[in-house]
Amino acid sequence: MSRLFALAAVVALSACGAQATDDGTTLIVKTFSQFGYEDLYREYEASHPGIKIKEENIGKLGDYTPKLQQWMQTGKGAGDVVALEEGILVQFMARPDQFADLREHGAAELEPNFLPWKWKQAVTGDGKIVGLGTDVGAQGMCYRKDLFAQAGLPTDRDQVGALWPMWDDYIEVGKRFKGTKFFDSSGGVYQNVLMQQGDHTYYDTSNKLVIDSNPGVLKAWETTVRMIEAGLSANVDQWSPQWNAGFKNGAFATIPCPSWMLGTIEKQSGPELKGKWDVTRVPGDGAVRGGSFLAVPKQSKHQKQAAELATFLTSAKGQTAAFKSKNNFPSSPQAIDDPAVREFTNPYFGDAPVGKIFGESVKALKPVYLGPDNIAINDRVVNALTAVEQRKLTPDEAWVKAVDDAKRLVR
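These numbers were taken from a predicted model, which means no experiment stands behind them.

Colleague: Give a detailed account of the pattern of salt bridges, specifying residues and quantitative values.
Modeller: Per the counting criterion, the structure on display carries 17 salt bridges. Ionic pairing is found between glutamate 45 and arginine 42, a salt bridge with its closest N-O pair at 3.0 Å. Within this pair, glutamate 45 and its partner arginine 42 are both found in helix H2 (residues 38-47), separated by three residues, close to a single helical turn. Since its relative accessible area comes to 42%, arginine 42 is described here as partly exposed. Linking glutamate 308 and lysine 304 is a salt bridge whose minimum nitrogen-to-oxygen distance equals 2.7 Å. Taken together, the residues glutamate 308 and lysine 304, both in helix H13 (residues 303-313) and four residues apart, mark about one turn of the helix. A single network of salt bridges, built from pairs that share partners, joins Lys30, Lys54 and Glu56.

Below you can see the structure in the form of structure tokens.
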């Protein structure tokens, strides 16, 4: 009878996330993309006997989000620590009761450890702390030095950055560029322009849909359309097989690159292109694309241990380690100013001082509010821009479609 009871306990714990083991407790961490925590997990296990950590990773955010929604709605399967990307954060913040209040686990005293705007994003109006910040998608512009040289353009990163103080200048440089296409896709460029156009995008801070009345959205649209009409886009969807191959075959010469994308560029370009990619400033006044939080679902049977793990992973030390591992730029001021980050150079990108470049981008940016269906609406806008690239719709027709699709989505 006792063996049956023990088996039932293991099954119950597995369904909720943390797994009871002969040696103690296994905490399940649900993530997407690359968080760079592998070495941190081993360090934490070594200093916490009886705790084992198992990361269950889903590569793409688009695949991860519906699964996370299902786990939270059904009350099972979410594990003990879950990653919340900034684009989906608002929809989960609408149900803070699904998550442990990290105030109850000492998180209130951690506020100085995060950029002020990053901290506020995961705190409810009544002060409940839903999540702790991991990285911010500090923005740069990656470019192929060899392709720039062939086109007769400067290759020094400071000189290249000086070519495009604003996006209009970037367009003019693209018109001068000869050879391959200037950037990968309209969708990638549009998102970066959009995030510089004010303090909100498709929703205002009261969650009212304002896609057709926010001048910042229209400006980002019009700027991107001008790039398309100038013939600068390679028209390869990001994350597609063609996009992956485009890094190797030189299909495009520049790509707006949040810090976390450096690993992707290196992986897809391969060792033969080491030193041919470089990084410089992005046009405009700083930018951010992406960035996440760690939260503890209420369904976890080990909320205290999970909260302690989340605190460790999002500490200045943890964020510094993640940056050095996967280029995820810290949201901790202490980590940003740590010489290990500030003076960090990336050998693949010609020893580019990425710590300095991305640090300056972060300090220049202003937080942007993203509403509950931000990602879904953005997908529809990007699809409309793709239709313009493929000459299936005129820019005016595509804009009307994007707005109509957004309004239908939120009805």
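Colleague: Outline the pairing of strand E5 (residues 131-144), supporting the account with residue identities and numerical values.
Modeller: With 14 of 14 residues buried, E5 is to be regarded as a mostly interior element. Relative to strand E9 (residues 288-295), E5 runs antiparallel, the two sharing five bridges. Within E9, the residue paired with leucine 132 across the bridge is leucine 294. In the sheet, E5 pairs with strand E7 (residues 252-258) via five bridges, with the strands oriented antiparallel. Following the sheet pairing, methionine 141 is matched in E7 by proline 256. Across four bridges, E5 lies against strand E8 (residues 277-280) in antiparallel orientation.

Colleague: Just give me the short version of empty space enclosed by the protein, but keep the residues and values in it.
Modeller: One pass over the structure, following the stated rule, counts one cavity of 30 Å³ or more. The calculated volume of the largest cavity comes to roughly 70 Å³. Considering the residues around the largest cavity, the lining is formed by Phe35, Tyr37, Thr134, Asp135, Leu313, Gly318, Gln319, Ala322 and Asn328. Mapped onto the lining of the largest cavity, the elements with two or more residues apiece are E5 and helix H14 (316-326). Element by element, the count of residues in the lining of the largest cavity is highest for H14, at three residues.

Colleague: Describe in detail the domain arrangement of the protein chain, supporting the description with residues and values.
Modeller: It is common to give the size of an interface as the accessible area lost on bringing the parts into contact. The domain architecture assigned to the protein chain consists of domain 1 (26-136 + 290-343) and domain 2 (138-288 + 356-410). With centres defined by C-alpha atoms, the gap from domain 1 to domain 2 works out at 27 Å. Each partner contributes residues to the interface: domain 1 has 21 residues there, and domain 2 has 23 residues. Between domain 1 and domain 2 the total buried area reaches about 1,600 Å² when both faces are included, carbon and sulfur atoms providing 63% of it. At the junction of domain 1 and domain 2, the tally comes to four residue pairs in polar contact (both at pLDDT 80 or more). For the side of domain 1 that touches domain 2, the elements supplying multiple residues, two or more each, are helix H4 (86-93), helix H5 (116-121) and E5. In terms of residue count, the dominant contributor to the side of domain 1 that touches domain 2 is H4 (five residues). Here the side of domain 1 that touches domain 2 is built from residues that sort into eight nonpolar, six polar and seven charged.

Colleague: Outline the pairing of strand E2 (residues 24-32), supporting the account with residue identities and numerical values.
Modeller: Counting buried residues in E2 gives eight out of nine residues, a clear majority hidden from the surface. Alignment of E2 against strand E3 (residues 51-58), held across eight bridges, turns out to be parallel. In the strand pairing of E3, isoleucine 28 is matched with lysine 54. After leaving E2, the chain enters H2 and then returns to the sheet as E3, a path that is right-handed. In terms of strand pairing, E2 meets strand E4 (residues 81-85) through two bridges, oriented parallel. When the sheet's bridge partners are listed, lysine 30 is paired in E4 with valine 82.

How each quantity is defined
- Residues numbered from 1 in each chain as written.
- Predicted model: local features only at pLDDT ≥ 70, side-chain atom pairs only at ≥ 80, totals over all residues.
- Heavy atoms only, no water.
- Salt bridge = Lys/Arg side-chain N within 4 Å of Asp/Glu carboxyl O.
- Helix = DSSP H or I, 4+ residues; strand = E, 2+ residues; numbered from the N terminus.
- Buried < 20%, exposed > 50% of the residue type's maximum accessible area, 1.4 Å probe, protein only.
- Pairing = 2+ DSSP bridges.
- 1 Å grid on protein atoms, 1.4 Å probe; cavity = no way out; pocket = protein on both sides within 12 Å on 5 of 7 lines; lining within 4 Å.
- Points joined across faces, edges and corners; volume = space filled by probe spheres on them.
- Domains from an automatic or database assignment.
- Contact = heavy atoms within 4.5 Å.
- Buried area = accessible area lost by both parts, 1.4 Å probe.
- Polar contact = N/O pair within 3.5 Å; in protein donor to acceptor, adjacent residues only side chain to side chain.
- Nonpolar A, V, L, I, M, F, W, Y, C, P; charged D, E, K, R; others polar.
- Right-handed = clockwise from strand over helix to strand, strands pointing away.

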